[in-house]
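Listed here are the chains, written in short residue letters.
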Amino acid sequence: SQPPRLVVTGRAGWMGMGRGAGRSALGFWPTLAFLLCSFPAATSPCKILKCNSEFWSATSGSHAPAADDAPEFCAALRTYALCTRRTARTCRGDLAYHSAVHGIEDLMSQHNCSKDGPTSQPRLRTLAPAGDSQERSDSPEICHYEKSFHKHTAAPNYTHCGLFGDPHLRTFTDRFQTCKVQGAWPLIDNNYLNVQVTNTPVLPGSAATATSKLTIIFKNFQECVDQKVYQAEMDELPAAFADGSKNGGDKHGANSLKITEKVSGQHVEIQAKYIGTTIVVRQVGRYLTFAVRMPEEVVNAVEDRDSQGLYLCLRGCPLNQQIDFQAIRSQAEGPGARRPAATSPAPEAPETFPYETAVAKCKEKLPVEDLYYQACVFDLLTTGDVNFTLAAYYALEDVKMLHSNKDKLHLYERTRELPRGVAAAARTPGPRPLLGLLALLALLPVFC
């Protein structure tokens, strides 16, 4: 059936059902409910329904904002607006998206909300603090993943994902890939947290990139934690969240999220016990590395798995972003070769290593000739930066600490394959549709 005219009439359509209820925001709930139900998300990368439902759950029913809750309602609107901006590129032409954008503008105007300010969602449940939250240890059992998990089934199965170097990705399924992925890309995007990295060229004009910025968003979770943001950049590896705190906020289970500085300016560890997750962030040389240990149940807690095409830790890099570093390595092994030929992802640089020197330096730290060793050699050949040797070394050390299967610490065969679901199409004739799909994947949005 045809969608009601309500959706296509812009601001008037969004607010039409609310005008009769005065200037209260409550009048637009029927419209928002319509938007939640009328446009199926499974067939589109547009995430507007997720934005709508999050705002709905934060401000409807028993949590509907009263007149004196304007600051909280404005914070929810700003969170809603941020969500729509993040999905803007994939929602062009989507009627529900454009209606939501216009509705947000109208509501912010009605409630005199400023566009700048806190973006945390209003708390759905607030427990009275029991003393200093930094010292509290009596967290609810629900805020300890393993304790609550054991009530129902066997011990959880943990997985690992890591990103390091130029950059090399080890996915939750132990696929190992070397990728270009310049710019901002999401590593993790599930119901509990988001992780985004920004990769920048190592040398001017080079396609060789490394991670220069990392953002982690821990989402609001029951009585355990408030939303927290951690952000690291080159030469800035803070030992606290963006708001200056070192735990999950003011909730009763705040200590189920903690950040600890292991080595000042070089090594930070974040423990999120409420989701059984450990994150390690390092600065090695100028660039950042990332490693995480996470239960499979949390890894797969995504609303629409089929649309998580750019969730790199789960799906791997898009095929058009992958680099065959073993082929490049073979080009450099010939007599007198100093660095890869013209097909290398990096241009000529003044200080690079002969192949034999790169091998010797990597052997010092990585005696096993696995993919971490090979990645080390590749990075020295493409960047000329000896610090990439340590990046590969610490990445492997993090695997030893975080991976639950000690038989899979070393990988020997790299992975270069299509994401699940389109691999079969890649084997059939007619590459043009596949190239078009990969072009669309490359254009999918990331966080602002």
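Structure: see above.
Our subject in this report is the structure included herewith. Computed from a predicted model, the values in this text were never measured in an experiment.

**Focus: the sheet that holds strand β2 (residues 168-170)**
Within a beta sheet, neighbouring strands are joined by backbone hydrogen bonds and run either parallel or antiparallel to one another.
At step 1: Here we have 8 strands laid out as an open sheet, ordered β8-β9-β10-β11-β1-β2-β3-β12, and antiparallel in their pairing. Two strands in the sheet have a free side with no partner beyond their single neighbour: β8 (257-263) and β12 (322-323).
At step 2: Strand direction decides the pairing type here: β8 and strand β9 (residues 267-272), joined by 6 bridges, are antiparallel. Opposite Val-263, over in β9, you have His-267 as the bridge partner.
At step 3: Helix-sheet contacts for helix α12 (residues 387-402) involve β1 (158-164), β2, β9, β10 (277-284) and β11 (287-295), and the interaxial angle to β10 is about 165°.

**Examining unusual backbone geometry**
At step 1: Of note in the backbone geometry, Val-181 takes a positive phi value of approximately 30° without being a glycine.
At step 2: Structurally, the position occupied by Val-181 is in the loop between β3 (176-179) and β4 (183-189).
At step 3: Using a relative accessible area of 1% as the deciding quantity, one classes Val-181 as buried.
At step 4: Phi is positive for Asp-235, close to 65°, though the residue is something other than glycine.
At step 5: With respect to the helices, strands and loops of the structure, Asp-235 is situated in the loop between β7 (228-233) and β8.
At step 6: The class for Asp-235 is exposed, based on a relative accessible area of 64%.

**So, the side chain of Glu-269**
At step 1: Mapping Glu-269 onto the fold places it in strand β9.
At step 2: Within polar-contact distance, the side chain of Glu-269 engages the side chain of Gln-271 at 2.9 Å.
At step 3: Those residues in contact with Glu-269 that lie beyond four places of it in its chain are Lys-258, Ile-259, Thr-260, Lys-262, Thr-278, Ile-279, Val-280 and Met-401.

Rules behind the numbers
- Residues numbered from 1 in each chain as written.
- Predicted model: local features only at pLDDT ≥ 70, side-chain atom pairs only at ≥ 80, totals over all residues.
- Heavy atoms only, no water.
- Pairing = 2+ DSSP bridges.
- Helix = DSSP H or I, 4+ residues; strand = E, 2+ residues; numbered from the N terminus.
- Contact = heavy atoms within 4.5 Å.
- Axes fitted to C-alpha atoms, helices over the stretch in contact; angles between N-to-C directions.
- Buried < 20%, exposed > 50% of the residue type's maximum accessible area, 1.4 Å probe, protein only.
- Polar contact = N/O pair within 3.5 Å; in protein donor to acceptor, adjacent residues only side chain to side chain.

Purely geometric stuff here, so don't read any function into it on its own.
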